[in-house]
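# Notes for the structure review
Below, each chain spelled out in residue letters.
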Amino acid sequence: MARQREFDRETALENALLTFWRRGYEATSVAELTAAMGIKPPSLYAAFGDKRRLFEEAVRRYQQTYGAFTTRALAEEPTGRGAIERVLREAAAEYASTEHPRGCLVITAAVNCGPESAEVEELLRGFRQEAKAAIKRRIDDDVAAGRLPAATDTAGLATFYAATIQGMSTQSRDGASHEDLLAVAILAMTAWPAATTT
């Protein structure tokens, strides 16, 4: 039996990630994936399973690399306001970067999918909901620390900032520049409630 040609799994996965990011899950064929990855279909199935499992692995890689700025900002900044402002500013830079496809893979890869891709849509929806919950936790932190009024609608504010981030991703796909997106980020922070006065 002929031995399969060896390939660099990490490089192949990175190329699959970029292909999914550029074209979306449903529009990306196995033929396009294998061409981008430099492998034959049997190697794809042997190394990654099927297209959906390959996509799930690509999304995990995205979150650990290109999309990790959100998790870092939310974890590292001392205040919720500072964390969310940093997320928005870094999203402006990341989404408009010319070094990779524009926007956010988690936001754009499963737009307008058919019923056969419902699991993929649900997977990405779950990641977006987790991100919104993480934003809400940081806003709750500011309320608990007395930096925001106790009556602040933290769920509503988290939804607003999640929607802003999703909109910035879509705008970047439509050609918005870093400066355009940064202006959105700055304007969005004017919606932050006035700090509690002592």
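Preceding this section is the structure that the text describes.
Residues numbered from 1 in each chain as written. Predicted model: local features only at pLDDT ≥ 70, side-chain atom pairs only at ≥ 80, totals over all residues. Heavy atoms only, no water.

## A short note on helix 9 (residues 154–173)
Put simply, the rule is: Each helix is a run of DSSP H or I of at least 4 residues and each strand a run of E of at least 2, with the numbering of both proceeding from the N terminus. One less than the residue count of a helix, multiplied by 1.5 Å, gives the span that helix is expected to have. With a 1.4 Å probe rolled over the protein chains alone, any residue whose accessible area is under 20% of its type maximum counts as buried; one over 50% counts as exposed, and the rest are partly exposed. As used here, the arc is the angular range of directions from the helix axis to the C-beta atoms. The contact rule is simple, with two residues in contact once any of their heavy atoms fall within 4.5 Å.
In this model helix 9 runs 29 Å from its N-terminal to its C-terminal C-alpha over 20 residues, within 8% of the 28 Å that 1.5 Å per residue would give. Residues of helix 9 that are buried: Thr-154, Leu-157, Ala-158, Tyr-161, Ala-162, Thr-164, Ile-165, Met-168, Ser-169 and Ser-172. Down the axis of helix 9, the buried set is contained in an arc of 150°. They therefore lie on one face. Elements that come into contact with the buried residues of helix 9 comprise helix 6 (80–96), helix 7 (105–108), helix 8 (118–144) and helix 10 (178–188). Where helix 9 ends, the next residue or the one after it, Gly-175, has phi of about 105°, a positive value.

## Observations regarding the side chain of Thr-154
Which entries qualify depends on this criterion: Contacts described as polar in this section are N or O atom pairs within 3.5 Å, which, within protein, must combine one atom able to donate a hydrogen with one able to accept it, while residues neighboring in sequence count only if both atoms come from side chains.
Mapped onto the fold, Thr-154 is located in helix 9. The exposure class assigned to Thr-154 is buried, which follows from its relative accessible area of 10%. Of the polar contacts made by the side chain of Thr-154, one reaches the side chain of Asp-140; its length is 2.8 Å. Look past the residues within four positions of Thr-154 in its chain and what remains in contact with it is Lys-136, Ile-139, Asp-140 and Val-143.

## Some thoughts on the packing of aromatic side chains
Inclusion rule: Only rings of Phe, Tyr and Trp enter the pairing, Trp through its six-membered ring, and a pair is recorded when the two centres are within 6.5 Å. The plane angle decides the type: under 30 degrees is stacked, over 60 is edge-to-face, the rest tilted. Two limits define a charge over a ring: the Lys NZ or Arg CZ must be within 6 Å of the ring centre, and within 35 degrees of the ring normal.
What the rule picks out here adds up to nine aromatic pairs. Centre to centre, the rings of Phe-20 and Tyr-25 are 6.0 Å apart; their planes meet at 20°, and the pair counts as stacked. Each member of the pair Phe-20 and Tyr-25 is classed as buried. One aromatic cluster is present, formed by Phe-20, Tyr-25 and Phe-55 through successive ring pairs. Taking NZ or CZ as reference, Lys-51 lies 4.5 Å from the ring centre of Tyr-25, over its face.

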